[in-house]
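# Fold and geometry: a report
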Amino acid sequence: MYAVKSTLPEQDLKVVGEALQGALVDLVDLSLVAKQIHWTVVGPRFRTIHLQLDDVVDTARQYSDTVAERASALGLPPDGRVGTVASDSGIEHVVDGWQQDVDAVATMTTALGTVVARMRERMGAVGKVDPVTEDVFIGLTGDLEKHHWMFQAEHKQ
């Protein structure tokens, strides 16, 4: 049963719904991972990385709301529950305890790279059937790529 009826054909709605749900899960997990690292990062670059992580959290939370509301507008109930996020996220497990600044940067670089790659796949899938959702993914992916670039620039080789 749909509380809201979409104007998209059923097959297109399925594609868009899967992409939006996957994006929501990755964004919720990204915000949690970044906040966890924000609380536990230590080292000489603590302050810079600490503040940079808050920027990622803000982006992920803003877009998770945008993505969830897009799904709702199409008549699809978004699912951001902890069990769903834990089982469906593409982000690797974050280590327990304190993280040295260089390790925190590496973890975030990997997490952002994973999420960006998955967003690009979703962008490609929805672009064929719903340019409105594609537009959401374009802005989102651009912002995530900016964060990815900034963490890569922090990464010591």
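Refer to the preceding data block for the structure.
Residues numbered from 1 in each chain as written. Predicted model: local features only at pLDDT ≥ 70, side-chain atom pairs only at ≥ 80, totals over all residues. Heavy atoms only, no water.

## Focus: the nonpolar core
The test is simple: In this text, buried Ala, Val, Leu, Ile, Met, Phe, Trp, Tyr and Cys residues form a nonpolar core when linked through side-chain atoms within 4.5 Å. Burial here depends on accessible area, computed with a 1.4 Å probe over protein chains only, as a share of the maximum for the residue type. Under 20% is buried, over 50% is exposed, and the range in between is partly exposed. Segments assigned H or I by DSSP are reported as helices when at least four residues long, segments assigned E as strands when at least two residues long, and all are numbered from the N terminus. Any two residues having at least one pair of non-hydrogen atoms within 4.5 Å are treated as being in contact.
Of all hydrophobic cores here, the largest spans 43 residues; its most connected members are Leu 30, Met 108, Phe 137 and Leu 144. Looking at this core, the elements with two or more residues in it are helix H1 (10-40), helix H2 (46-73), helix H4 (101-127) and helix H5 (131-154). Here this core takes 12 residues from H1, the largest share from any one element. Discounting residues that sit within four places of it in the chain, Leu 30 has contacts with Val 56, Ala 60, Ile 91, Met 108, Ala 111, Leu 112 and Leu 144.

## Comments concerning the environment of Pro 77
Within the element layout of this structure, Pro 77 appears in the loop between H2 and helix H3 (82-88). With a relative accessible area of 70%, Pro 77 lands in the exposed category. Sequence separation between Pro 77 and Gly 17 is 60 residues; the distance between their C-alpha atoms is 9.1 Å.

## Notes on the side chain of Asp 29
So the rule is basically this: Charge counting treats Lys and Arg as positive and Asp and Glu as negative, with His and both chain ends excluded. Within this document, salt bridges are pairs made up of a side-chain nitrogen of Lys or Arg and a carboxyl oxygen of Asp or Glu, the two lying within 4 Å of each other.
Along the chain, Asp 29 falls in helix H1. Of the side chains with opposite charge, Arg 118 comes closest to the buried, unpaired Asp 29, at an N-O distance of 8.6 Å. Residues within four places of Asp 29 in sequence aside, it is in contact with Val 85, Ser 89 and Ile 91.

## Here's the deal with the pattern of salt bridges
Once the charged atoms of two side chains with opposite charge are near each other, the side chains can pair. Inspection of every chain in the model, using the stated rule, returns nine salt bridges. The closest approach of N and O atoms between Arg 70 and Asp 130, which form a salt bridge, is 2.9 Å. Within this pair, whereas Arg 70 is found in helix H2, its partner Asp 130 is found in the loop between H4 and H5, the two being separated by 60 residues in sequence. We classify Asp 130 as buried; its relative accessible area is 4%. Across the pair Arg 81 and Asp 79 runs a salt bridge whose closest N-O atoms are separated by 2.8 Å. Residue class for Arg 81 comes out exposed when judged on its relative accessible area of 58%. Salt bridges sharing partners connect three or more residues here, namely Asp 26, Arg 118 and Arg 122.

Everything listed is a geometric property; what it means functionally is a separate question.
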